[in-house]
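Chain by chain, the residues:
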Amino acid sequence: MDFDPSSFRLLVVDNEAAHARAMMESLEKVGYRCTVATSGPEAATLIARDTYDIVITDMVMNDVDGMKVLGLARKHLPDAEVVMVTGHATVPIAVEAMQKGAFNFLEKPITPNRLRAIVEKAAGAVDLRRQNTELMSRLDKQYGFESIIYSSKEMQEVIDRLRRIAATDATVLITGENGTGKEVVAQAIHQNSPRRNKPIVAINTGAIAENLVESELFGHVRGSFTGADADRVGAFEYANGGTLFLDEVGDMPLSTQIKLLRVLEENKITRVGDNKAINVNVRLVSATNRPLEDMVEAGTFRSDLYFRLKVVTVGLPPLRERPEDVIPLMDHFRKMFLRRHDKPSANFSPAVRKRFSAYQWPGNVRELRNFVEMMVVLDTDSVLDIDDLPPELAEADDALPQEVPEKLDFDASISNELIGQKLSVIERWAIEKTLEMTNDNREEAAKILGIGARTLYRRLDQYKKDEEDA
Ligand SMILES: Nc1ncnc2c1ncn2[C@@H]1O[C@H](COP(=O)(O)OP(=O)(O)OP(=O)(O)O)[C@@H](O)[C@H]1O
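Residues numbered from 1 in each chain as written. Predicted model: local features only at pLDDT ≥ 70, side-chain atom pairs only at ≥ 80, totals over all residues. Heavy atoms only, no water.

(A) Looking closely at the overall build of the protein chain. When helices and strands are tallied, the protein chain shows 20 helices and 14 strands. The buried share among the 470 residues of the protein chain stands at 41%. Expressed as a percentage of contacts within the protein chain between residues at least 6 apart in sequence, the contacts between residues at least 24 apart total 68%. About 25,200 Å² of surface is accessible on the protein chain, with carbon and sulfur atoms providing 51% of the total. (Helix = DSSP H or I, 4+ residues; strand = E, 2+ residues; numbered from the N terminus. Buried < 20%, exposed > 50% of the residue type's maximum accessible area, 1.4 Å probe, protein only. Contact = heavy atoms within 4.5 Å. Areas by Shrake-Rupley, 256 points an atom, 1.4 Å probe, with all protein chains shown as cover.)

Encoded structure:
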C-alpha cells in the first residue's frame, strides 16, 4: 500500500448492524477511518452532509437500496468510489451498478481479506485522482493565468480576452515584440482549455533549418531524405488531442506554409516521404513578432494561411507601453531568483526602481528578467542598488528622464525619392543601403536592420529571383 489509510474516510452501509460493525472493525484495524449507517435513509443523510472517499453499501435494503445509495454518492461525492456488497442472487444488479459508476462489487460471504483487498484497490483509484488533481493545480499555478504578472489595464484587457478564448477551440494568433510573453500566454491558453490534460508541443519555426521544418511538423519516414535513418513522429502527431504552439510562424518557408494550410483544412497530416494520411486533432496557437499583414503584402506570407491563423488574435503590448507592469515584474523575478540561487533576501533601492521604470525595455520582459537575475546573482550586500545595475541600464539614456524619440534624419532627396513608393521597395532600398554600409556583411546588416539573418537571406534570394524573372 503506497498511501496512508487514515487519509481515507469510509462510509459502510448495511441494514444489519452486526455486519456493518464487523466490516468497520476489519477496515479500522488497517487504519481507515470509518462511519457506519445501518439504513439507506441514514446513509442518504450522511452522504448529503459529509464527505467520504469510499462508500461500501449493501445492495438489498429497505426504503433506500444500494442502487439509490450509489446514485446519491455519484451526485454528492463525485470523487468517491462505491463498492457494492451483493448476495449471489443480486450479482446481475451489481453488474448494472458498475455500469452506473460503481467501482466494483463484493459477493457475500465477506472475509476481512477480500474486503480489505477491494477497499485497497478503491483507495488506490482515489489516491491516483488526488495526485492528478494536485499536479494539475500545480501546473495551473505554474502555467495558468496566475503565472502572468501584471498590473496595467492593457494586460488586464489581454487576460480578460484570454479567459474567453481559452475555453474555446479557436485557432489563436499571438502578436508582440520579442520577450513580451507570447509563449507564456500560449501556455496559459492551453492550461485553461479543455485540452489541458493532453500535451502542448512548442515548435520555434525560426530556429529550425529550413529543410527540416516539415519533418519537425509532420514527421518523416525512414529514408525520405539523407539523414532520415528512422521513422520520426512530428509535432502535429505529438500534440494530437492537445495544442500545437508555433512560435515565429512568420519565419515559415512558403513551401511549408501551403502544407500547413492543407493540414488545417483537412485535419490530416502526411509524414515526409509517406503517402498515408494520418488524422490529427490539434488546436493551433501561433505567435509572431513580425507584422504578418506586411509580409502578406510583400508576398512572403500566404494570405489564406494568415486568415486561417488569425481567427482570434491576442496582441501583447511592448513593456514600454505598460510601465505599470515594471515594478510587479521586478519583484516577481527578484523573489524567483533569490529562491532559485539560494540567496538571502535582497531588495531594490528606490533609485533602481526609478531607473527600471523609465527604461524603454527593447527586449521587453525577457530583458527585465535577465537584468534582475544578473543583479540578484552578483549582489553581495542585500541591496540591489544603482551600482549593481547592468551596464546597458546604467548607461542607457532612456533610463534617465524620458525624451521624445529622435526622428530619423533622412536626407531630403532620399525621402523624396522613397515617399510614394511601395513598402517592399523601401524595404529593398534599406536592405541594400545597409549592406553597402556594412561592406556586404550580412550578419551585421541584419543586426542593424533588426531582422533575423535568415530573413535577410530570404529577401536577397527573392530580389535575385525577381531580377531573373524580369
Ligand atoms: N507577464 C509576465 N509575467 C511573468 N513572466 C513573464 C511575463 N511575460 C514574459 N515573462 C517571462 O519573460 C520571458 C520571455 O517571455 P516569452 O518567452 O513568453 O516571450 P515571447 O514573446 O514568446 O518571446 P520571443 O518572441 O522571443 O519568443 C520568459 O521567461 C517569461 O517567463
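(B) Region of the structure containing the nonpolar core. Counting 28 residues, the largest nonpolar core has L217, F236, L244, L246, V249 and F301 as the members making the most contacts within it. Elements with a minimum of two residues in this core: β7 (200–204), α8 (213–218), α9 (235–238), β8 (243–247), α10 (254–266), α11 (292–298) and α12 (303–309). Counting residues per element, this core draws most heavily on α10, at four residues. When near neighbours in sequence (up to four residues on either side) are disregarded, F301 contacts V249, G250, L254, Q257, L292, M295, V296, Y306 and L309. Listed in part, the 23 residues of the second largest apolar core include L329, F337, Y359 and L384. (Core = buried A, V, L, I, M, F, W, Y, C linked by side-chain atoms within 4.5 Å.)

(C) A look at the sheet that holds strand β1 (residues 9–13). With parallel pairing, the five strands of this open sheet are ordered in space as β2-β1-β3-β4-β5. The open sheet has two free edges, formed respectively by β2 (33–37) and β5 (104–107), since each of these has just one partner strand. The sheet shows a mean angle of 20° between the axes of neighbouring strands, taken without regard to direction. Taken together, the four bridges between strand β4 (residues 81–86) and β5 define a ladder with parallel strand orientation. Bridging across to β5, V85 finds its partner in L106. (Pairing = 2+ DSSP bridges. Axes fitted to C-alpha atoms, helices over the stretch in contact; angles between N-to-C directions.)

(D) Spatial organisation of the packing of aromatic side chains. Summed over the entire model, instances satisfying the criterion amount to 10 aromatic pairs. Ring plane angle 55° and centroid distance 5.3 Å describe the contact between Y306 and F307, whose orientation is recorded as tilted. Note on F348 and F356: the rings are 5.9 Å apart at their centroids and 50° apart in plane angle, and the pair reads as tilted. Just as F348 is buried, F356 falls in that class too. Taken together, the ring pairs in this structure connect F348, F356, Y359, W361 and F371 into an aromatic cluster. (Phe/Tyr/Trp six-rings, centres within 6.5 Å; stacked < 30°, edge-to-face > 60°.)

(E) Quick peek at the site of the ligand. What surrounds the ligand is a group of 18 residues, the closest being I149, G179, K182, E183 and R366. T180 places a polar main-chain atom, nitrogen or oxygen, 3.2 Å from an oxygen atom of the ligand. Within the side chain of R369, a nitrogen or oxygen atom sits 3.0 Å from an oxygen atom of the ligand. Contact with the protein chains covers 88% of the free accessible surface of the ligand, which is 630 Å². (Near = heavy atom within 4 Å. Polar contact = N/O pair within 3.5 Å; in protein donor to acceptor, adjacent residues only side chain to side chain.)

(F) Just the sheet that holds β8, in detail. What the five strands build is an open sheet, ordered β7-β8-β11-β6-β12; its pairing is parallel. The open sheet has two edge strands, β7 and β12 (312–315), and neither has a second partner. Taken over all neighbouring pairs, the strand axes of this sheet differ in orientation by 20° on average, direction set aside. Here β8 runs beside strand β11 (residues 283–288); their pairing, made up of four bridges, is parallel. The partner of F245 across the bridge, within β11, is V285. On the sheet, helix α6 (residues 153–166) packs against β6 (172–175), β11 and β12 and is oriented at approximately 155° with respect to β12.

(G) Quick look at the pairing of β11. The element β11 is largely enclosed, with a buried count of six among its six residues. The alternating pattern of β11 places R283, V285 and A287 and L284, S286 and T288 on opposite faces, both of which are buried. One ladder, built from four bridges, connects β6 with β11; its direction is parallel. Following the sheet pairing, T175 is matched in β11 by T288.

(H) Inspection of the pattern of salt bridges at higher detail. All chains considered together, the criterion is met by 19 salt bridges. Residue R290 is joined to D251 by a salt bridge in which the shortest nitrogen-to-oxygen separation is 2.4 Å. Of this pair, R290 sits in the loop between β11 and α11 while D251 sits in the loop between β8 and α10, and the two are 39 residues apart along the sequence. Salt bridges sharing partners connect three or more residues here, namely D331, R334 and R353. (Salt bridge = Lys/Arg side-chain N within 4 Å of Asp/Glu carboxyl O.)

(I) Region of interest: unusual backbone geometry. With omega at 0°, the peptide bond leading from K108 into P109 counts as cis. The topology assignment puts P109 in the loop between β5 and α5 (112–143). For W361, which is not a glycine, the phi torsion comes out positive at approximately 50°. As for its placement among the helices and strands, W361 is situated in the loop between α14 (350–358) and α15 (364–378). Phi at S382 takes a positive value of approximately 65°, unusual for a residue other than glycine. If you trace the backbone, S382 turns up in the loop between α15 and β14 (383–384). Residue classification places S382 among the partly exposed residues on the basis of a relative accessible area of 34%.

Purely geometric stuff here, so don't read any function into it on its own.
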